[in-house]
Amino acid sequence: MISKILSNWKVVLLSFLGATTFWFFSALGKEYNYRIEHPIAFVYDSDSLIAVKPLPEFVEIDVTGGGWDLFRESFWFVDPVIFELDNPAAIRYLTRPTILPIVSDQLDEYRINFLFTDTLYINIDRKVSKLVKLKIDSANISMDSDHRIITPISLSPDTAVIFGPTSFIDTLGREFFIRPEEESIDKNYDRFVKLGLPEAFDIYSNPPTVNVKFEVDRFDRLEISTTIEMQNFPSDSSVYVSDPNVIVRFVVQQELTEDYFSEDFKVVVDYDLINRADSLAPAIVVFHPENVLEVEVVPDSLAITYAR
């Protein structure tokens, strides 16, 4: 009994598959109107030219064609319509009157009813090159807050040839600045660094990287109290600085750290530089040890007092 039921189901299934297959092939033999996006490709001398922006990939058209062709269009690989560009650097777009004959000629299996794509925008530029002097953007190297570069920065090589579209190359100067990508550097540096060129439009350089070297050391932050020296003040003491004591802050390379004394720093307040509006005069460091850096005075301006 069970085997008879299974046998009947097999007959039903085979009949259904047969009918479906017959209908499918029969349907594919008919003609249909269909709106399709057909792939396109541009042919040009890619050795001397660069597409500055992505080129269009499809044209949208309304066609009449056989079911088999439309089935292949939807699910199978189809050859793109080829646009051969003789002088693409001088062309910025193709309009419908130019596009339609090319599409119609290469898609002869269809009857083209309407071309929905009215313009194909093209931005292809000549590929050129430029020799540049490589420089390091030292001001923007990311250093750890307690570390400084202590040697000249070495670049090897110190020149490069940059290739790219004319519109980009023309923006370059004779010098090209590069910067290590690492953050908070606190060790001696010896690495190959990319030039940081835009990644689009087939822009590249020869060589692609440059060796950057420099030495780094830790710097200590110190401060010392000292007394300012007054200059050009009236000799009768009718004008004087209310509080002549200041703090001098500075950083020094750790291995060069030594004992510092207030007399190692000379801070002056010049009466000729007083701001008459608020009676403040700047405190200026005119002398300090050669090995200290980033010297600042706190406060940076002092109040001037007039005797009554």
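All of the points below concern the structure found in this document.

Definitions and limits used
- Residues numbered from 1 in each chain as written.
- Predicted model: local features only at pLDDT ≥ 70, side-chain atom pairs only at ≥ 80, totals over all residues.
- Heavy atoms only, no water.
- 1 Å grid on protein atoms, 1.4 Å probe; cavity = no way out; pocket = protein on both sides within 12 Å on 5 of 7 lines; lining within 4 Å.
- Points joined across faces, edges and corners; volume = space filled by probe spheres on them.
- Nonpolar A, V, L, I, M, F, W, Y, C, P; charged D, E, K, R; others polar.
- Helix = DSSP H or I, 4+ residues; strand = E, 2+ residues; numbered from the N terminus.
- Patch = residues over 30% accessible without salt bridge, like charges linked within 9 Å, V, L, I, M, F, W, Y side chains within 5 Å.
- Areas by Shrake-Rupley, 256 points an atom, 1.4 Å probe, with all protein chains shown as cover.
- Salt bridge = Lys/Arg side-chain N within 4 Å of Asp/Glu carboxyl O.
- Buried < 20%, exposed > 50% of the residue type's maximum accessible area, 1.4 Å probe, protein only.
- Phe/Tyr/Trp six-rings, centres within 6.5 Å; stacked < 30°, edge-to-face > 60°.
- Lys NZ or Arg CZ within 6 Å of the ring centre and 35° of its normal.
- Pairing = 2+ DSSP bridges.
- Axes fitted to C-alpha atoms, helices over the stretch in contact; angles between N-to-C directions.
- Contact = heavy atoms within 4.5 Å.

**As for the layout of surface pockets**
Consideration 1: The calculated volume of the largest pocket comes to roughly 240 Å³.
Consideration 2: As for the largest pocket, its lining consists of Glu181, Lys194, Leu195, Gly196, Leu197, Pro198, Glu199, Ile203, Tyr204, Ser205, Pro208 and Thr209.
Consideration 3: Class assignment of the residues belonging to the lining of the largest pocket gives a composition of six nonpolar, three polar and three charged.

**Observations regarding unusual backbone geometry**
Consideration 1: A cis amide bond, omega -5 degrees, links serine 156 with the succeeding residue proline 157.
Consideration 2: Geometrically, the link from valine 298 to proline 299 is a cis peptide bond, its omega value of -5 degrees lying close to zero.
Consideration 3: Structurally, the position occupied by proline 299 is in the loop between strand E22 (292-298) and strand E23 (301-306).
Consideration 4: A positive phi angle is found at glutamate 294, which is not glycine, with a value near 50 degrees.
Consideration 5: On the secondary structure map, glutamate 294 appears in strand E22.

**Notes on a nonpolar patch on the surface**
Consideration 1: A grouping of Leu273, Ile284, Val286 and Phe287 is seen on the molecular surface, where their side chains present a nonpolar patch of about 360 Å² in accessible area.
Consideration 2: Tracing the backbone shows isoleucine 284 in strand E21 (residues 280-287).
Consideration 3: Residue isoleucine 284 is classed as partly exposed on the basis of its relative accessible area, which comes to 34%.

**Quick word on the packing of aromatic side chains**
Consideration 1: All chains considered together, the criterion is met by nine aromatic pairs.
Consideration 2: One aromatic cluster is present, built from ring pairs that chain together Phe250, Tyr260 and Phe265.
Consideration 3: Here the basic side chain of arginine 35 rests over the ring of phenylalanine 116, its NZ or CZ set 3.6 Å away from the ring centre.
Consideration 4: One cation-aromatic arrangement involves arginine 148 over phenylalanine 219; the distance from NZ or CZ to the ring centre is 5.9 Å.

**A closer look at the sheet that holds strand E18 (residues 239-241)**
Consideration 1: Across the sheet, five strands lie side by side as E17-E20-E21-E23-E18; this open sheet has mixed pairing. Of all strands in the sheet, those bounded by a partner on one side alone are strand E17 (229-231) and E18. Taking each pair of neighbouring strands and ignoring which way they run, the sheet shows an average axis angle of 40 degrees.
Consideration 2: As defined by bridge partners, E17 adjoins strand E20 (residues 266-270) across three bridges and the pair is classed as parallel. Looking at E20, one finds that methionine 230 is bridged to valine 269.

**What about the environment of asparagine 87?**
Consideration 1: Along the chain, asparagine 87 falls in the loop between strand E4 (81-84) and strand E5 (93-95).
Consideration 2: On the accessibility criterion, asparagine 87 (47% relative accessible area) is partly exposed.
Consideration 3: Between the C-alpha atoms of asparagine 87 and isoleucine 124, which are 37 residues apart in sequence, the distance is 9.4 Å.

**Some remarks on the pattern of salt bridges**
Consideration 1: The full count for this structure, using the stated rule, is 12 salt bridges.
Consideration 2: Glutamate 60 is paired through a salt bridge with arginine 35; the nearest N and O atoms lie 2.6 Å apart. With glutamate 60 in strand E3 (residues 58-66) and arginine 35 in strand E1 (residues 31-43), this residue pair connects regions lying 25 residues apart in the sequence.
Consideration 3: For lysine 133, the salt bridge goes to aspartate 158, with nearest N and O atoms at 2.8 Å. Here the residue lysine 133 occupies a position in strand E8 (residues 124-136), and aspartate 158 occupies one in the loop between strand E10 (154-156) and strand E11 (159-165), the gap between them amounting to 25 residues.
Consideration 4: Residue aspartate 158 is classed as partly exposed on the basis of its relative accessible area of 33%.
Consideration 5: Among the charged side chains, a network of salt bridges with common partners joins Asp146, Arg218, Asp220 and Arg221.

**Quick word on the environment of tyrosine 204**
Consideration 1: Here tyrosine 204 is to be found in strand E14 (residues 204-206).
Consideration 2: When its relative accessible area of 35% is taken as the criterion, tyrosine 204 is described as partly exposed.
Consideration 3: The spacing of tyrosine 204 and phenylalanine 163 is 41 residues in sequence and 5.4 Å in space, taken between C-alpha atoms.
Consideration 4: The contacts of tyrosine 204, once residues within four sequence positions are left out, are Lys127, Val161, Ile162, Phe163 and Leu197.

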